There are 2 protein chains.
Amino acid sequence: MTPQTTEAVDDYLKAILELGGPAEEAVSSNALASHLGVRAASVTGMLQKLALREPSFVVYQKHYGVRLSDAGKRRALEVIRHHRLLERFLHDFLDYSWDEVHEEAERLEHYISERLEDRIAAKLGDPASDPHGHPIPEKDGAIAPRNEVQLIHWPCSVPAGISSVSDRDPVELREMKRLGLLPGTKVVVEPGSRTGSILVRIGSGQPTRLTLPLASGVLVSGVTE
Amino acid sequence: MTPQTTEAVDDYLKAILELGGPAEEAVSSNALASHLGVRAASVTGMLQKLALREPSFVVYQKHYGVRLSDAGKRRALEVIRHHRLLERFLHDFLDYSWDEVHEEAERLEHYISERLEDRIAAKLGDPASDPHGHPIPEKDGAIAPRNEVQLIHWPCSVPAGISSVSDRDPVELREMKRLGLLPGTKVVVEPGSRTGSILVRIGSGQPTRLTLPLASGVLVSGVTE
DNA sequence: GTCATGATTTAGCTATGCCTAAATTAGCAC
DNA sequence: GTGCTAATTTAGGCATAGCTAAATCATGAC
Ligand SMILES: [Mn+2]
Ligand SMILES: [Mn+2]
Ligand SMILES: [Mn+2]
Ligand SMILES: [Mn+2]
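In what follows, the accompanying structure is described.

Conventions we followed
Residues numbered from 1 in each chain as written. Chains lettered and ligands numbered in written order. Predicted model: local features only at pLDDT ≥ 70, side-chain atom pairs only at ≥ 80, totals over all residues. Heavy atoms only, no water. Axes fitted to C-alpha atoms, helices over the stretch in contact; angles between N-to-C directions. Helix = DSSP H or I, 4+ residues; strand = E, 2+ residues; numbered from the N terminus. Parallel < 35°, antiparallel > 145°, perpendicular 65-115°, else oblique. Contact = heavy atoms within 4.5 Å. Nonpolar A, V, L, I, M, F, W, Y, C, P; charged D, E, K, R; others polar. Near = heavy atom within 4 Å. Polar contact = N/O pair within 3.5 Å; in protein donor to acceptor, adjacent residues only side chain to side chain. Donors = N, O, S within 2.8 Å, 3.2 Å for Na, K, Ca; no water. Buried < 20%, exposed > 50% of the residue type's maximum accessible area, 1.4 Å probe, protein only. Buried area = accessible area lost by both parts, 1.4 Å probe. Salt bridge = Lys/Arg side-chain N within 4 Å of Asp/Glu carboxyl O. Pairing = 2+ DSSP bridges.

Observations regarding the packing of helix α1 (residues 7-20) of chain B against helix α3 (residues 40-52) of chain B
Residue and element names in this part refer to chain B.
And then number 1: Contact geometry for α1 and α3: axes closest at 11 Å, N-to-C directions at 95°. Our classification of the angle between α1 and α3 gives roughly perpendicular. Packed against α1, whose contacting residues are A8, V9, Y12, L13 and I16, the element α3 presents S42, V43, M46, L47 and L50 at the interface.
And then number 2: Grouping the constituent residues of the contact of α1 with α3 by class yields nine nonpolar, one polar and no charged.

Set out below in structure tokens:
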């Protein structure tokens, strides 16, 4: 920064990256509006500016959604790297619990210098993921693709490992921690679904019933063994 | 924040506190303009807003300068506490040199939460001063008054201790470090002034000639020995 | 006391980013 | 093809915080 980007611009770029998904599909104004908590008209205004900017951060087609340009994607990944490094740092060095880190990182990610980013990464020994299991992009933006699936879409009786959990809701995070739903933990979905919940064996414990809102925040992948 | 104050507002309040001096004299628009690097007209506009605000941050009298209100002083001291805690943290935990800390802290001071402030203070063991020797206000804003004098105004042959150094110019800071001009160091001004420099014995070394710009950034007080 | 001068304020603009209300458009039903 | 409706954009405002140029004010010299 030295206002190369602003907090608002950063947050739009991150949102476009996240909502575009791995296929980097075009993102609608409405989707951005509801994700960012602003009105659709505000989104249109911002997208026009982001497209006009030199260098352009997005490719924007009126009525057909928006995609990141290379420059936009680069900045989005840089901000995400800041965010996840900060979360890990706050958690590991400053006694933040995993439900407290997100809010603080969401603000600071826009304001730390490259120097501070580097020092934090060095202090942490270049960690690969944040406390919720999300991968930390490399300095050059490289980020290993993952085959994650929501736990609620994982087949019964097939062992899986938790790869990450949603970090948006502190209440959910505290509940997950209490139940042992941590990245790296092995889980098996047991037969016994009902509307509104699934039955899951967590680690080596007894099967536990998880509400769908909670379970949908848990992403898993196959256990390689 | 959650914009209770903005970065600009914070920086105006800090500037009024600093320029007002220990006697908290009224500060002129011009002084603020040159300190903050903005035009005098911009200062007038901001002072009007700060005075109108509820609760008011300043007492502003057209053409006669501005003073902080209690609320303004409280916020100014809080931001200064953030700044100095951050400087000490960056220096002690993240390998920043003492000429690098100021710039980073100047930005982050506006964006850390009360929680992060507290965790940093705890991690550091509630330090009393930043790397340049400036006192860190307590959480309630209390800050011990000091009897500092610029080294260039200290009498010859009377031993003094460096209490703090100006942290604005990284080049000067590196030079000071090289010469051993650190907070806590004992100094004696030797007879031998010329226009443009003074002769100073630093610690137990040989007398060294210091340029006035450099020496004017060094504040000392009597040694209570 | 009057005036000149420098300090300060006012007036009028710009840019960012948000909002509401009023068009407009895309895309589907028929 | 014609409409309908929901999505989206446009138009017009507001707040923050800066700027320049043009007043205006305070003060010291006389
Ligand atoms: Mn953010
Ligand atoms: Mn996270
Ligand atoms: Mn600042
Ligand atoms: Mn300092």
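What about the protein's contact with DNA strand D?
And then number 1: Taken together, the neighbourhood of DNA strand D is formed by 22 residues, with A:T44, A:Q48, A:Y60, B:T6 and B:S42 sitting nearest.
And then number 2: Within the contact set of DNA strand D, a phosphate oxygen lies 3.0 Å away from a backbone nitrogen or oxygen of A:H63.
And then number 3: Among the residues making up the surface near DNA strand D, the classes are represented as ten nonpolar, nine polar and three charged.

Points about the coordination of the manganese ion (ligand 3)
All names here are of chain B.
And then number 1: At this site the manganese ion (ligand 3) is bound by D11 (OD), E106 (O), E106 (OE), E109 (OE) and H110 (NE2), with donor distances of 2.2 to 2.5 Å.
And then number 2: Each donor residue of the manganese ion (ligand 3) lies on the same chain, and together they follow the pattern D-x94-E-x2-E-H. Placement of the pair is D11 in helix α1 and H110 in the loop between α5 (101-108) and α6 (114-124), with a sequence separation of 99 residues. For the residue pair D11 and H110, the accessibility class agrees, reading buried in each case.

Thoughts on the interface of chain A and chain B
And then number 1: Of the residues lining the interface, 18 residues belong to chain A; the matching set on chain B comes to 18 residues.
And then number 2: Summed over both partners, the interface of chain A with chain B buries about 1,800 Å², with 57% contributed by carbon and sulfur atoms.
And then number 3: Among the residues chain A hides against chain B, the three largest losses belong to A:L94, A:Y111 and A:R119. Together they make up 32% of the total.
And then number 4: Here chain A is connected to chain B by four salt bridges.
And then number 5: The shortest N-O distance in the salt bridge between B:E100 and A:R119 comes to 3.9 Å.
And then number 6: Linking chain A with chain B are 14 residue pairs in polar contact (both at pLDDT 80 or more).
And then number 7: Secondary structure elements with two or more residues in the side of chain A that touches chain B: α4 (70-93), α5 (101-108) and α6 (114-124) of chain A.
And then number 8: Considering each element in turn, the side of chain A that touches chain B owes the most residues, five residues, to α6(A).
And then number 9: For the side of chain A that touches chain B, the class distribution of residues is ten nonpolar, one polar and seven charged.

With respect to the sheet that holds strand β6 (residues 197-202) of chain B
All names here are of chain B.
And then number 1: Reading across from one edge, β3-β8-β4-β5-β6-β7 is the order of the six strands in this open sheet, with antiparallel pairing throughout. Unpaired on one side and paired on the other, β3 (149-150) and β7 (207-211) mark the two borders of the sheet.
And then number 2: With five bridges connecting them, strand β4 (residues 160-165) and strand β8 (residues 218-222) associate as antiparallel partners. Pairing of A160 across the sheet is with G222, part of β8.

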